[in-house]
Amino acid sequence: MTDQAITTRTIIGLEIHVQLRTATKMFCGCPLKFDAPPNTCVCPVCLGHPGALPVINRQALAYSMLTGLALSCDIARHTKWDRKSYYYPDMPKNYQISQYDLPLCEHGHFEISVEGDTRRIRIKRAHLEEDAGKNLHDVPGCTLVDLNRAGTPLLEIVTEPDLTSAEEAFVFCTELQRLVTYLGVSEGSMQKGHMRFEPNVNVAIDVGGTEYRTPIVEIKNLNSFKSVRGAIAFESQRQTAAWQEDHDYVLGKVPNENRGWNDDRGVTEFQRPKEAAHDYRYFPDPDLVPVDVTDEMLAGVTARLPELPIARRARFMSEFGLSPKDTEIIVGHRGTADLFENAVKCGAPVDILGKQFVNVWLKLANDRNVPVTDLSVDAERMARLASMVADGSVSATAANRIAEAMLDRRDPPDLLADELGLVQVQDTGAMEAWVSEAFAANEQAVRDALTNPKKAKASAGFLRGKVMRISGGKADPKLVGQLIEKRLSELRE
Ligand SMILES: [Zn+2]
């Protein structure tokens, strides 16, 4: 068997927990605060006191439906709540409220683009549940429990096993983060643990037409895109090697297992055999009424569905003629894309705005480590600056300096250009004088431009730079180029 050619195919399904951006918890009125002192955002409901009754957070339900619609899911018209029983110190009720057999969203799909290919990944389901608290291990010799997080609304999104590589899973997770932030249903902050990923991975090994499948491994609780990619790549290799070592390492003969990712060592480590659904003794929660999604509720949510990133990218390229790279940068965040689009609506010439937006505004924002929407430059002023370059009243270089000045002052860019002395001089008399000055000061370059064909072009460019410098950036570079050519041909005669 080992002499035959072996091909392997990695099979990956993802379970992703997304923390919803509601003001309060899933089943009680406690506020959701990231850095509140331990156990200060709690009440009898999320502490699991006997007799305390949960109440559904309608906003969490609406956010989940919106996400479901964006993932092309069917939204259930009747859904209910189930108790998932297990014991853990950070879960005082000893069960988690989740959705078992009637999830809110089912049978969807999500398209991603991987190295130029569009891949459609099926979404099996998306259901609502509550988060557990946190065990804190920073005091030696004991474990402390903080229940501020207990009861936080989570949307669990489960894909079919349609992903085939670590890279695809990485792209899927980053695109999903973009989607939920676009929809505004989650902050999607990795640092705050708003998204947690659990890939299920196994490998199909083909030996001369016979297929062997390794046992399924669930990698628990990954909290970064990088760890998703690293853990899947490692698992795929580890399972293939384990099968090569022992051909009985196959699904059905060896139990499925849970493993954890050790980021420092770059390996997954065995945790425990994988649980099956019956281990959790699911049953309907008697304290919560099922939810019937009415036509009005569904219509209300549908009306709030925005243009999704993938469609917006395609439109920005076709409508505005932006390059794929610039589109990627601009459409990456909804606020950024909105700002760009508003500047176009304010009359900005798209070709110049596109360049300025990426090379000037996004760069200035990046240097200051703030989103471009926080630069205190609105769409109207951006549009005006782009128009000034288009009509030749300032050069592209001068526009950079005006842009910087616009960050500190809310005046129109025209006024700033005037004050900074950057309004482009169209007066040919003044420009001819600058050309004469540059020619007099750079005789060698003039000689090269006239007599040395190899250096002619570079020398003319050099002279143009000199004229621009003498003018203090106020000369129109195109006009200067024409004047230099004219002067050179006069000298040739
Ligand atoms: Zn509470």
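Residue numbers run consecutively from 1 along every chain, following the written order of its sequence. Reporting of local features is limited, given that this is a predicted model, to residues whose pLDDT is at least 70; pairs of side-chain atoms are given and counted only at 80 or more, and all residues count toward the totals for whole chains, interfaces and linings. To get the side-chain values, all heavy atoms of the structure are used, and hydrogens and water are removed first.

**A few points about empty space enclosed by the protein**
What counts here: Definitions used for this entry: grid spacing 1 Å over protein atoms alone; cavity, a set of points where a 1.4 Å probe fits but cannot get out; pocket, an open set with protein on both sides within 12 Å along at least 5 of 7 lines; lining residue, one with an atom within 4 Å of a point. Grid points are joined across faces, edges and corners, and a volume is the space filled by probe spheres set on the points. Note on residue categories: nonpolar means Ala, Val, Leu, Ile, Met, Phe, Trp, Tyr, Cys or Pro, charged means Asp, Glu, Lys or Arg, and polar means any other residue, Gly included.
Per the counting criterion, the structure on display carries 2 cavities of 30 Å³ or more. Tallied by class, residues from the lining of the largest cavity come to 6 nonpolar, 3 polar and 4 charged. Considered as a void within the structure, the second largest cavity measures approximately 30 Å³ in volume. Residues of the lining of the second largest cavity, tallied by class, amount to 4 nonpolar, 1 polar and 2 charged.

**Description of the packing of aromatic side chains**
Inclusion rule: Centre distance within 6.5 Å is the pairing criterion for rings of Phe, Tyr and Trp, where only the six-membered ring of Trp is used; planes under 30 degrees apart are then read as stacked, over 60 as edge-to-face, and the remainder as tilted. Under the DSSP-based scheme used, a helix requires at least four consecutive residues in state H or I and a strand at least two consecutive residues in state E, with every element numbered from the N terminus. Each residue's exposure class comes from its accessible area (1.4 Å probe, protein chains only) as a fraction of the maximum for that residue type: buried when under 20%, exposed when over 50%, partly exposed otherwise.
Taken as a whole and assessed by the stated rule, the structure comprises 13 aromatic pairs. Ring geometry for F197 and F225: centres 5.8 Å apart, planes at 45 degrees, overall tilted. In this pair, F197 is assigned in strand β11 (residues 195-207) and F225 in helix α3 (residues 225-245), connecting sequence segments 28 residues apart. Judged by relative accessible area, which is 0%, F197 ranks as buried.

**Quick look at unusual backbone geometry**
Backbone geometry places N39, a non-glycine residue, at a positive phi of 60 degrees. With respect to the helices and strands, the residue N39 is situated in the loop between β1 (6-19) and α1 (58-70). Since its relative accessible area comes to 35%, N39 is described here as partly exposed. Positive phi values are uncommon outside glycine, yet R281 reaches one of about 45 degrees. Of note, R281 is situated in the loop between β15 (267-273) and β16 (283-284). Taking relative accessible area as the criterion, R281 reaches 57% and is therefore assigned exposed.

**Observations concerning the coordination of the zinc ion**
As a reminder, the rule being used: In this description, a donor is an N, O or S atom within 2.8 Å of the metal centre, a cutoff extended to 3.2 Å for sodium, potassium and calcium. Water is not part of the atom list, which can make sites seem incomplete. Any coordination sphere not matching a tetrahedral pattern (four donors, all angles between 85 and 135 degrees) or a square planar or octahedral pattern (four or six donors, opposite donors over 155 degrees apart, other angles between 65 and 115) is reported as irregular.
Around the zinc ion, the protein contributes the donor atoms C28 (SG), C30 (SG), C43 (SG) and C46 (SG), at 2.3 to 2.4 Å from the metal centre. If you look at the zinc ion, its 4 donor atoms make angles of 100 to 116 degrees with each other, and the shape they trace is tetrahedral.

**Examining the pattern of salt bridges**
Should their charged atoms come close, side chains of opposite charge can pair. We apply this condition: Here a salt bridge means any side-chain nitrogen of Lys or Arg lying within 4 Å of a carboxyl oxygen belonging to Asp or Glu.
One pass over the full model with this rule turns up 38 salt bridges. Put simply, E328 and R178 hold a salt bridge, and the shortest N to O gap is 3.0 Å. Here the residue E328 occupies a position in helix α6 (residues 324-331), and R178 occupies one in helix α2 (residues 166-183), the gap between them amounting to 150 residues. Here E328 falls in the partly exposed class, since its relative accessible area comes to 33%. Close ionic contact of R315 with E307 constitutes a salt bridge, the shortest N to O distance being 2.8 Å.

**Some points on the environment of L53**
Threshold: Two residues form a contact once any of their heavy atoms are found within 4.5 Å.
By the secondary structure assignment, L53 is in the loop between β1 and α1. Residue classification places L53 among the exposed residues on the basis of a relative accessible area of 54%. Each C-alpha atom, one on L53 and one on D292, is 20 Å from the other, the two residues being 239 residues apart in sequence. L53 has contacts with V45 and D287, leaving out every residue within four places of it along the chain.

**Topic: the sheet that holds strand β4 (residues 82-85)**
As a reminder of what qualifies: DSSP calls a pair of strands paired once it identifies at least 2 bridges connecting them.
Spatially, the 3 strands line up as an open sheet ordered β5-β4-β16, and their pairing is antiparallel. The open sheet terminates on both sides in strands that have one partner only, identified here as β5 (95-98) and β16. Bridging between β4 and β5 involves 4 bridges; their strand directions are antiparallel. Along β5, the bridge assignment pairs S85 with Y95.

**Let's talk about the pairing of strand β7 (residues 117-130)**
Of the pairings in the sheet, the one linking strand β6 (residues 105-114) to β7 comprises 9 bridges and is antiparallel in character. Each bridged residue has a counterpart across the sheet, and for F110 the counterpart in β7 is I121. What sits between the antiparallel neighbours β6 and β7 is a turn of 2 residues, in which E115 has the positive phi angle 45 degrees. Direction of pairing for β7 relative to strand β10 (residues 153-159): antiparallel, over a ladder of 7 bridges. Residue pairing in the sheet places E129 in a bridge with L154 of β10.

Note that every value here comes from positions in space, so none of it alone points to a role or purpose.
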